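Inside the fold
Okay, here's what each chain looks like letter by letter:
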Amino acid sequence: RLEERSRNRAIWGEGYTAVLNAGVNSETAAAAYTRLGDVIACKPTAVTVLIGTNDLIGSLATSAANMYVNKLPAQKIPPSEAGYAAELGRIVKELDQNLPPTSRVLVL
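Residues numbered from 1 in each chain as written. Predicted model: local features only at pLDDT ≥ 70, side-chain atom pairs only at ≥ 80, totals over all residues. Heavy atoms only, no water.

For helix 6 (residues 81-98), with 18 residues, the first-to-last C-alpha span of 26 Å sits near the 26 Å given by 1.5 Å per residue. The inward-facing, buried residues of helix 6 abut helix 2 (29-33), helix 3 (36-41), strand 1 (46-49) and strand 2 (104-107). (Helix = DSSP H or I, 4+ residues; strand = E, 2+ residues; numbered from the N terminus. Expected span 1.5 Å × (residues − 1). Contact = heavy atoms within 4.5 Å.)

Take a look at the structure:
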């Protein structure tokens, strides 16, 4: 709920600290990458990246891989370890290039 951030700040004042969970269940790293603009637009002071479980599941189970390809437009090919590593690299690069210079990125 990115739009709630400014409304809450108006209610609680400048001392208000917003915590935004932009995670989406059943999403792969490729799909998460497509939503980074929403996160970057918030100009956060910190971002925690915790993604990869669904990529691992998709790399191990053909049925899951097919589901991700069919369900997620950004997931053009079945998930794999190499694909995950590439997508995670893209995510970190996008955040590094577009967040304010004082923002911190933690990858778990």
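Next, the rest of the story.
Now for the nonpolar core. When a protein is soluble and globular, its nonpolar side chains tend to lie buried together. Core analysis: the biggest nonpolar cluster contains 12 residues, these being Ala 29, Ala 32, Leu 36, Val 39, Ile 40, Val 47, Val 49, Ile 51, Leu 88, Ile 91, Leu 95 and Leu 99. When near neighbours in sequence (up to four residues on either side) are disregarded, Ile 51 contacts Glu 27, Thr 28, Ala 29, Ala 32, Tyr 84 and Leu 88. (Core = buried A, V, L, I, M, F, W, Y, C linked by side-chain atoms within 4.5 Å. Buried < 20%, exposed > 50% of the residue type's maximum accessible area, 1.4 Å probe, protein only.)

Bringing the environment of Tyr 33 into the picture now. The topology assignment puts Tyr 33 in helix 2. C-alpha of Tyr 33 to C-alpha of Arg 90: the two residues are 57 residues apart in sequence and 7.5 Å apart in space. Apart from the residues lying within four places of it in its own chain, the contact partners of Tyr 33 are Glu 87, Arg 90, Ile 91 and Glu 94. Reaching out from Tyr 33, the side chain makes a polar contact with the side chain of Glu 94 at a distance of 3.2 Å. (Polar contact = N/O pair within 3.5 Å; in protein donor to acceptor, adjacent residues only side chain to side chain.)

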